[in-house]
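Chain residues, written in single-letter form:
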Amino acid sequence: MCDAGPRRASRQWAIPRWLSLCLLLCLLGVSGARRAPKVPRCPATCSCTKDSAFCVDTKAIPKSFPPGIISLLLNSNMFTVIADDAFAGLSHLQYLSLSNNNLQTLPRDLFKHLDILTDLDLRGNSFRCDCKIKWLVDWMEKTNTSVPAIYCASPFEFQGRRIHDLTPRDFNCISAGLSPLWNNSGGRSLSDTDFAVYETFPFQSVSVESYEFKGDRFAVFAQPDTGMCTLYMWDHVEMVFRKYHNITSRSAVYCKPVVINNTLYMVVAQLFGGSHIYKWEEDPQRFVKIQDIDTTRVRKPNFVETFQLDGDWYFAVADSSKAGTTSLYRWNSNGFYSHQSLHPWHRDTHVEFLEVDGKPRLILSSASQPPVVYQWNRNQRQFAFHSQISSTADVQMVKHFWVRKALYLCLTRFIGDSKILRWEGQRFVEVQTLPSRGSMAVYPFTVGQRQYLLLGSDFSFSRVYLWDDLTQRFQPFQELNLRAPRAFSLVSVDNKDILLASSFKGDTLAYQHLLVDLSAK
């Protein structure tokens with residue numbers, strides 16, 4: 001009986017087990033909520049004070065620092081690469097030393113969030129002044145941060161230059177081409193694919209020409225299998241070429257469009273059955289043959305060139321037969337009429353019209369002798385023999401181009417090396433040779449400020465070259481997998497640059513010229 005009272009009191013004040021568990025969890029939750037965040041410690045390879053850190057013998061920048069540091073010294077270490085977020089969270093940083101390391105480049109926007117950075121030391125690094133460092137040049141132009149002078153270690157054209165003295169305009173960072181790109185040692189330097197196959201035409205072709213007519217863009221191909229001239233029109237909605245029309249013929253080797261007084265004519269050069277001139281009619285839409293070309297003169301045509309001279313339109317047909325004659329025809333209100341015979345018996349392969357010092361000239365390429373030059377005589381209104389170009393034989397084609405007001409020729413050869421010649425006031429002088437075994441077609445063209453040269457090959461990849469202003473030479477730029485190319489044409493339409501490439505042994509292709517800003521990588 002004596003123990004009954006205390007036992008009843010114990011039961012009356014006992015705390016239920018479930019309530020004890022809840023109180024314990026609440027206490028743990030509160031204590032956890034009040035726990036202070038973990039402050040990053042000083043990295044093992046660094047010495048730190050309250051507001052500074054100094055790191056030595058480190059191969060990489062440590063991933064974390066105390067957030068309040070003002071001064072960070074990373075000079076004389078061994079790292080070559082910096083992560084783009086290496087200084088994330090160091091918003092109080094005012095002094096940063098990255099001097100005397102092995103840095104060649106810095107990631108874009110590395111200092112973007114260092115808003116109060118006052119001093120930056122980058123001296124003693126081997127910076128490569130290419131497109132990956134263009135952002136730094138731009139940043140140093142705009143920042144208030146003090147940066148002691150730093151210098152370019154490479155490439156050659158910038159070696160020893162102060163980076164402070166460079167401007168963003170000094171960098172050509174728009175890459176354009178196919179793949180791959182080459183560096184000076186012959187190895188791959190970039191892998192950007194810039195000329196990409198855009199459209200495939202399921203036929204072989206031996207010529208391609210592009211032209212504009214009544215606001216639309218067209219391409220015409222000579223097809224060896226069917227012998228026809230096939231026209232394609234650019235579709236501004238679907239952004240592709242669509243088949244538009246055929247000119248029925250037996251053995252077309254060249255289809256040359258010319259627009260005179262808003263009327264479209266097509267010169268169709270054939271191996272057999274004679275060559276003809278067609279006129280486009282709108283109602284009904286069709287090509288109508290209006291003229292035959294004299295088969296006693298033109299027996300085996302290989303190429304057709306059109307040009308305007310002293311207000312008149314002309315076309316020249318290069319004849320490659322032993323008995324034929326390269327011939328010139330002039331437009332006369334309702335047709336083309338024979339105007340002059342040029343270069344008989346020499347198996348000509350190509351005709352190029354150009355002006356040299358204001359004087360119109362024709363350059364005839366031949367399988368039997370070096371290229372010859374004819375100069376226009378305005379009094380007689382005919383071309384007269386002027387000179388030969390070098391002693392180079394087996395020239396399949398001569399094309400001209402201009403670079404910075406200087407006139408150049410490219411002579412492409414099937415057996416030997418192709419040659420680049422520059423006009424020196426009195427004659428053309430050889431300035432460069434290009435390997436081109438098996439080449440029957442060459443095409444200089446420009447896209448924007450870039451001068452290209454496309455050299456076809458029957459035996460290997462066709463090769464694209466890019467003009468280098470520093471060396472005044474073409475540099476290897478890219479290879480194209482084309483089978484026996486015979487002609488090229490560039491079409492610029494709807495903010496696209498399309499390179500058409502005819503192929504004698506494979507599908508005809510269209511490549512789009514793409515632009516990649518390498519400084520943004």
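Residues numbered from 1 in each chain as written. Predicted model: local features only at pLDDT ≥ 70, side-chain atom pairs only at ≥ 80, totals over all residues. Heavy atoms only, no water.

As annotated in an unreviewed UniProt entry, the protein is Leucine-rich repeat LGI family member 3-like from Scleropages formosus. The annotation that UniProt attaches to the protein under Subcellular location (unreviewed entry) is "Secreted". (UniProt positions renumbered as here; feature names shortened; annotations may be inferred.)

*Asks:* What's the story with the side chain of Q512 in this structure? I'm lost.
*Replies:* By the secondary structure assignment, Q512 is in strand β36 (residues 508-513). On the basis of relative accessible area, Q512 is assigned to the buried category, the value being 15%. Beyond its immediate stretch of four places on either side in the chain, Q512 contacts D194, F195, A196, Y198, K496, D497 and I498. (Helix = DSSP H or I, 4+ residues; strand = E, 2+ residues; numbered from the N terminus. Buried < 20%, exposed > 50% of the residue type's maximum accessible area, 1.4 Å probe, protein only. Contact = heavy atoms within 4.5 Å.)

*Asks:* It is not clear to me how the packing of aromatic side chains should be interpreted in this structure. Could you clarify?
*Replies:* Aromatic ring pairs: the centre-centre distance and the angle between the two ring planes describe each pair. Within the structure shown, the criterion is met by 38 aromatic pairs. Centroid distance Y265 to W331: 4.8 Å. Interplanar angle 55 degrees. Geometry classified as tilted. Of this pair, Y265 sits in strand β15 (residues 263-270) while W331 sits in strand β20 (residues 325-331), placing them 66 residues apart in sequence. Look at W331 and you get buried, because its relative accessible area is 10%. (Phe/Tyr/Trp six-rings, centres within 6.5 Å; stacked < 30°, edge-to-face > 60°.)

*Asks:* What is the right way to read the pairing of strand β14 (residues 252-260) from this model?
*Replies:* In terms of burial, β14 is a largely internal element, eight of the nine residues being buried. Of the pairings in the sheet, the one linking β14 to β15 comprises eight bridges and is antiparallel in character. Directly across from C255, in β15, lies its bridge partner V268. (Pairing = 2+ DSSP bridges.)

*Asks:* Looking at this structure, I do not really get the confidence of the model for the protein. What am I missing?
*Replies:* Parts of the model with low pLDDT should not have their predicted coordinates read in detail. Looking at the protein, pLDDT values average 86 and 87% of them are 70 or higher. Here residues 22-34 is modelled with pLDDT under 50, and outside its nearest four sequence neighbours on either side it reaches zero contacts, counting other chains as well. Of the regions scoring below 50 in pLDDT, residues 177-193 engages in 47 contacts with residues more than four places distant in sequence or in other chains. (pLDDT = per-residue confidence, 0-100.)

*Asks:* What is the right way to look at the environment of L93 in this model?
*Replies:* With respect to the helices and strands, L93 occurs in the loop between β3 (71-73) and β4 (95-97). Exposure remark for L93: the relative accessible area of 0% places this residue in the buried category.

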